[in-house]
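If you want the building blocks of each chain, they are given just below.
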Amino acid sequence: MTESIDKSKRKQFGNRFLKNDDDVFKHNAWDNVEWNEAQESQALSQVCAHVKTKMPSEKAADLEDNADEYWNKFYSVHQEKFFKNRCWLFTEFPEITSLKNEKPSSILEVGCGVGNSVFPILGHCVDSNVHVYCCDFSSNAIQILKESSEYNDKLCTAFVCDITSDEWNPPFALESLDVILLVFVLSAIQPDKLKHVVGQFYKYLKPGGVVLFRDYGRYDMAQLRFKEGRCISENYYSRGDGTLVHFFTQDDVQQLFLGAGFVQVQNIVDRRMQVNRGKQLKMYRVWIQCKYKKPVL
């Protein structure tokens, strides 16, 4: 059964709303910006053009077969300097901090990178019995994370894992996790492997446990900026550095998780306008944010 969505939850994304178009360049970003028909039509036209100039299948296969190498190169170049720490997690996902009062409990962040979610979470959970597990496809990312002064192996276990593989062999048991955190990670997975991956989440989550999801939405600025020859298949692309990215709709995510047996708690679109006040540019971001619970049978 799908729970109804309370639109008031969208206030968590922020409280800055554009009420007068003349004010657009007074701030760096505006929340919950609705698109008009012309914007939707233009975005659809751009995406259709991408599909007409798809990447050769041989090149796409190489990128998918060697995805770990491209992510290792990414972290070799950028180290821990590319992403900012995600302190917004605790506003959008209060389920993380609520675990402090539950003993014992555990969180898994999938696609943890170099710890931009892990370290803020560890800071909040330092005096609790919450253990943070985190994994990434990139061995370089996990090495960088473990070498950080913020890493504490008594509170956190980081490991390399290809979540698309048949067996994970993780350092935790089936049905042992309270929370699984997915922040811009499923978009990096080949679309035809997503069903298996979400099924794995279901296996390792406790009954009553929750998946917290945030990722790229259809027609996000990042999708519309792709050039010819970068599209692998519909809404699925390769960036210039060889890493892969898929852009979701709410229905895409809903079908994945409900099909695996989850119950929907939240499924909303965060449409945000970011502006460059110096260049007088408007940039439209589209993200999908969801929460899915494993039912208690």
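Residues numbered from 1 in each chain as written. Predicted model: local features only at pLDDT ≥ 70, side-chain atom pairs only at ≥ 80, totals over all residues. Heavy atoms only, no water.

Trainee: Before we move on, can you summarise the side chain of Arg-230 with the specific residues and values?
Mentor: Note on placement: Arg-230 falls in the loop between helix 9 (221-224) and strand 7 (231-233). Buried within the structure, Arg-230 lacks any salt-bridge partner; its nearest side chain of opposite charge belongs to Asp-241, at an N-O separation of 6.8 Å. Of the polar contacts made by the side chain of Arg-230, one reaches the backbone oxygen of Arg-239; its length is 2.6 Å. In this view, Arg-230 contacts Thr-53, Met-55, Lys-59, Tyr-236, Tyr-237, Ser-238, Arg-239 and Gly-240; residues no more than four positions away in its chain are not counted. (Helix = DSSP H or I, 4+ residues; strand = E, 2+ residues; numbered from the N terminus. Buried < 20%, exposed > 50% of the residue type's maximum accessible area, 1.4 Å probe, protein only. Lys, Arg positive; Asp, Glu negative; His and termini not counted. Salt bridge = Lys/Arg side-chain N within 4 Å of Asp/Glu carboxyl O. Polar contact = N/O pair within 3.5 Å; in protein donor to acceptor, adjacent residues only side chain to side chain. Contact = heavy atoms within 4.5 Å.)

Trainee: Requested: an account of the pattern of salt bridges, with residues and values cited.
Mentor: According to the stated counting rule, one finds seven salt bridges in the structure shown. Here Arg-271 ties to Glu-40 by a salt bridge, and the two come within 3.5 Å at their closest N and O atoms. Here Arg-271, found in strand 10 (residues 263-276), pairs with Glu-40, found in helix 1 (residues 37-52); they are 231 residues apart in sequence, far enough to count as distant. Owing to a relative accessible area of 18%, Arg-271 belongs among the buried residues under this scheme. Owing to a relative accessible area of 28%, Glu-40 belongs among the partly exposed residues under this scheme. Residue Lys-291 pairs with Glu-95 through a salt bridge whose shortest N-O separation is 3.0 Å. Of the two residues, Lys-291 sits in strand 11 (residues 281-293) while Glu-95 sits in helix 5 (residues 95-98), which places them 196 residues apart along the sequence. Of the residues examined, Lys-291 reaches a relative accessible area of 6% and is grouped as buried.

Trainee: For the packing of aromatic side chains, give the residues involved together with the corresponding values.
Mentor: For any pair of aromatic rings, the description consists of the separation of the ring centres together with the inter-plane angle of the planes. Taken as a whole and judged by the stated rule, the model has 19 aromatic pairs. Taken together, a centroid distance of 6.3 Å and an interplanar angle of 80 degrees make the contact between Phe-184 and Trp-287 edge-to-face. Taken as a pair, Phe-184 in the loop between strand 5 (177-183) and helix 8 (194-204) and Trp-287 in strand 11 lie far apart in primary sequence, 103 residues in all. Since its relative accessible area comes to 25%, Phe-184 is described here as partly exposed. Overall, Trp-287 belongs to the buried group, its relative accessible area being 10%. Ring centres 5.8 Å apart and planes at 80 degrees place the aromatic pair Phe-213 and Phe-248 in the edge-to-face group. Note that Phe-213 is positioned in strand 6 (residues 205-216) and Phe-248 in the loop between strand 9 (244-246) and helix 10 (250-259), a separation of 35 residues in sequence. Like Phe-248, Phe-213 is buried. Just above the ring of Tyr-202 sits the side chain of Lys-294; from NZ or CZ to the centre is 4.6 Å. (Phe/Tyr/Trp six-rings, centres within 6.5 Å; stacked < 30°, edge-to-face > 60°. Lys NZ or Arg CZ within 6 Å of the ring centre and 35° of its normal.)

Trainee: I'd like a rundown of the nonpolar core, residues and numbers included.
Mentor: Leu-108, Leu-182, Leu-186, Phe-201 and Phe-257 are the most contacted members of the largest nonpolar core, which totals 46 residues. Breaking this core down by element, the ones donating at least two residues are helix 1, strand 2 (105-110), strand 3 (130-136), strand 5, helix 8, strand 6, helix 10 and strand 11. By residue number, the principal contributor to this core is helix 8, which donates six residues. In contact with Leu-182, other than residues within four places in its own chain, are Val-110, Phe-201, Val-211, Leu-212, Phe-213, Arg-214 and Phe-257. By size, the runner-up hydrophobic cluster in this structure holds 26 residues, among which are Phe-93, Cys-134, Ile-142 and Val-179. (Core = buried A, V, L, I, M, F, W, Y, C linked by side-chain atoms within 4.5 Å.)

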